[in-house]
Amino acid sequence: MKIVSGMRPTGKLHLGHYLGVIKNWLILQENNECMFFIADWHALTNKYKDTSDLKENIFQMMIDWLSCGIDPQKATVFIQSAIKEHSELALLLGMITPKSWLELNPSYKDLKFNLFFQYIRDFLYGKNIKIQEEQLREIVYKAFYHKKDVDFGLMEEELKKISNEKVAKEIVNNLAEGEIGKEIDTFGFFGYPVLMAADILIYKAEAVPVGEDQLPHIEITREIARRFNRFYKEVFPEPKALLTPQSKLLGIDGRKMSKSYNNAIYLADTEEELNKKVLSMKTDPSRIRKTDKGNPDICNVFSYHKLFTDEDIVKEIDTSCRNAQIGCIDCKKILAKNLNKFLEPIREKRAFYEKNKEDLIDIFKEGNNKAKKEASENMHQIRNAMNLWID
Ligand code: SF4
């Protein structure tokens, strides 16, 4: 099966990326014709002002992929911006994509919601106001999705309950000024589902691995393909979504693992960095002393054990924790050892590619050439179907 999938280069990959994307790619590359690309143009959709780290991020992503076992002999690995046909097709598909389809794109509102949520959370932290993040998320959600536009009145009322009148007013005034989230009010962001459709259709992909939240993107791609085939010629297959379970792994502070929360364990972390992070992880909050009985079901450390520790040891930890026979520090040391064991081969390969940058670049150049050949052949067919000028 022909599979196309990409990742935005936003920095070094962490364990959440590994479990949520890479692990699945490693399986897919065994029995499918896979094309994996670094979506550097997509990185510009909401981060375009400062691109100073973009090249390094691309480079780090190349290292991470190969170090994890993405095999250029099995899958074509390439850089999106090296294949200009993606942009030509995006332009042509943009001509036939109704604006209303893009206005319905849930990502736009969801991203704005997250920006609002993060702004309010950081504002309250800055004022030393302690909040339950889940409660705050619910408040923002209510005001955000209550009507077509954000209901600032409702937001102010709700925020008053968890802070005070002055703070609530200040937050709402700042948000109403329209500065937060303004950076995604661009043509590029609005139209990125079309670029995404082009990324997939240019290779006539039959399937795309996605998380549940990305299903609308595949749907819009299928609709665009259908519309093109109906207007011109049957050129594109309608790609299906291969639903990938999202990684449930949380960051070391118990929140979603994310670079912006500074709570991620990176594939590139050294043994020392990793040990430090694991020792700082939150555990069952009601377990204060070693003699307190713990509950592994609500402990973040234990959820890591379930993924990185042998099953029989996991069972032992479960029992020992519930009977207060193991201390959290010892439990974390076991986890750190297992995580280091898991990451060791990746670190070794990382070190190799860091030193042999030229080899890495050659591998991606070869992938670019392969992708380019296929994209330009398909583009020829697309131009023909649309009766465009061909030199
Ligand atoms: S012993 Fe381990 S599983 Fe139990 S609370 Fe401590 S860290 Fe969590």
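Keep in mind that what you see is a predicted model, and the values were worked out from it rather than measured.

### Things to note about the overall build of the chain
Stage number 1. Broken down by element type, the chain carries 17 helices and 5 strands.
Stage number 2. For the chain, whose C-alpha radius of gyration is 24 Å, the value lies close to the compact-globule estimate of 21 Å for 391 residues.
Stage number 3. Expressed along its principal axes, the backbone C-alpha trace of the chain runs to roughly 80 × 55 × 35 Å.
Stage number 4. Scored against the burial criterion, the 391 residues of the chain give a buried share of 47%.
Stage number 5. Taking the contacts inside the chain whose residues are at least 6 apart along the sequence as the reference set, 76% of them involve residues at least 24 apart.
Stage number 6. As displayed, the chain offers around 20,600 Å² of accessible surface, 52% of which is attributable to carbon and sulfur atoms.
Stage number 7. In the chain, which carries 59 positive and 59 negative side-chain charges, the distance between the mean positions of the two groups comes to 2 Å.

### Overview of the side chain of His14
Stage number 1. Within the secondary structure layout, His14 lies in the loop between strand E1 (2-7) and helix H1 (15-31).
Stage number 2. Residue classification places His14 among the buried positions, given a relative accessible area of 6%.
Stage number 3. When residues no more than four places from it in sequence are discounted, the contact partners of His14 are Met257, Ser258, Ala264, Ile265, Tyr266 and Leu267.

### Structural notes on the domain arrangement of the chain
Stage number 1. Assigned domains within the chain: domain 1 (2-103 + 187-248 + 357-385), domain 2 (110-184) and domain 3 (269-355).
Stage number 2. With 15 residues of domain 1 at the contact, the number on the domain 3 side is 13 residues.
Stage number 3. Note on domain 1 versus domain 3: buried area summed over both sides is about 1,200 Å², and carbon and sulfur give 67% of it.
Stage number 4. The largest per-residue losses of area from domain 1 upon contact with domain 3 belong to Leu15, Ile63 and Ser67, which jointly make up 42% of the total buried on that side.
Stage number 5. Here domain 1 and domain 3 share 1 salt bridge between them.
Stage number 6. Taken together, the links from domain 1 to domain 3 amount to 4 residue pairs in polar contact (both at pLDDT 80 or more).
Stage number 7. Elements with a contribution of two residues or more to the side of domain 1 that touches domain 3: H1, helix H3 (54-68) and helix H17 (357-385).
Stage number 8. Considering each element in turn, the side of domain 1 that touches domain 3 owes the most residues, 7 residues, to H3.
Stage number 9. In terms of residue class, the side of domain 1 that touches domain 3 is built from 9 nonpolar, 2 polar and 4 charged.

### Some details on unusual backbone geometry
Stage number 1. Of note, Lys204 is a non-glycine position whose phi angle comes to about 50°, a positive value.
Stage number 2. Turning to its location among the elements, Lys204 is positioned in the loop between helix H11 (192-201) and strand E4 (207-210).
Stage number 3. Not every positive phi belongs to a glycine, and Ala324 is a case in point at roughly 55°.
Stage number 4. Structurally, Ala324 is set in the loop between helix H15 (311-322) and helix H16 (328-355).

### Digging into the environment of Leu279
Stage number 1. Checked against the element boundaries, Leu279 lands in helix H13 (residues 271-279).
Stage number 2. Here Leu279 falls in the partly exposed class, since its relative accessible area comes to 41%.
Stage number 3. Sequence separation between Leu279 and Val301 is 22 residues; the distance between their C-alpha atoms is 9.6 Å.
Stage number 4. Residue contacts for Leu279: discarding those within four places in its chain leaves Ile329 and Lys332.

### Here's the deal with the packing of aromatic side chains
Stage number 1. With the rule as written, the count across this model stands at 17 aromatic pairs.
Stage number 2. Seen from their ring centres, Trp65 and Phe364 are 6.4 Å apart, and the 40° between their planes marks the pair as tilted. Separated by 299 residues along the polypeptide, Trp65 in helix H3 and Phe364 in helix H17 bring together distant segments of the chain. No difference in accessibility class separates Trp65 from Phe364, as the two residues are buried.
Stage number 3. Between the aromatic rings of Phe78 and Tyr203, the centroid separation amounts to 5.5 Å while the plane-to-plane angle is 65°, which identifies the pairing as edge-to-face. Of this pair, Phe78 sits in strand E3 (residues 75-79) while Tyr203 sits in the loop between H11 and E4, placing them 125 residues apart in sequence. The pair Phe78 / Tyr203 is uniform in exposure class, with both members buried.

### Considering the nonpolar core
Stage number 1. Counting 56 residues, the largest nonpolar core has Leu15, Ile22, Trp65, Tyr304 and Leu339 as the members making the most contacts within it.
Stage number 2. Top contributing element to this core by residue count: H3, with 9 residues.
Stage number 3. Domain assignment of the residues forming this core places at least three in each of domain 1 (2-103 + 187-248 + 357-385) and domain 3 (269-355).
Stage number 4. With residues up to four places along the chain from it excluded, the contact list for Leu15 reads Leu249, Met257, Ile265, Leu267, Tyr304, Phe308, Leu339, Phe342 and Leu343.
Stage number 5. Residues Phe37, Val210, Ala225 and Met379 belong to the second largest nonpolar core, which totals 36 residues.

The rules we used
- Residues numbered from 1 in each chain as written.
- Predicted model: local features only at pLDDT ≥ 70, side-chain atom pairs only at ≥ 80, totals over all residues.
- Heavy atoms only, no water.
- Helix = DSSP H or I, 4+ residues; strand = E, 2+ residues; numbered from the N terminus.
- Rg over C-alpha atoms; globule rule 2.2 N^0.38 Å.
- Buried < 20%, exposed > 50% of the residue type's maximum accessible area, 1.4 Å probe, protein only.
- Contact = heavy atoms within 4.5 Å.
- Areas by Shrake-Rupley, 256 points an atom, 1.4 Å probe, with all protein chains shown as cover.
- Lys, Arg positive; Asp, Glu negative; His and termini not counted.
- Charge placed at Lys NZ, Arg CZ, Asp CG, Glu CD.
- Domains from an automatic or database assignment.
- Buried area = accessible area lost by both parts, 1.4 Å probe.
- Salt bridge = Lys/Arg side-chain N within 4 Å of Asp/Glu carboxyl O.
- Polar contact = N/O pair within 3.5 Å; in protein donor to acceptor, adjacent residues only side chain to side chain.
- Nonpolar A, V, L, I, M, F, W, Y, C, P; charged D, E, K, R; others polar.
- Phe/Tyr/Trp six-rings, centres within 6.5 Å; stacked < 30°, edge-to-face > 60°.
- Core = buried A, V, L, I, M, F, W, Y, C linked by side-chain atoms within 4.5 Å.

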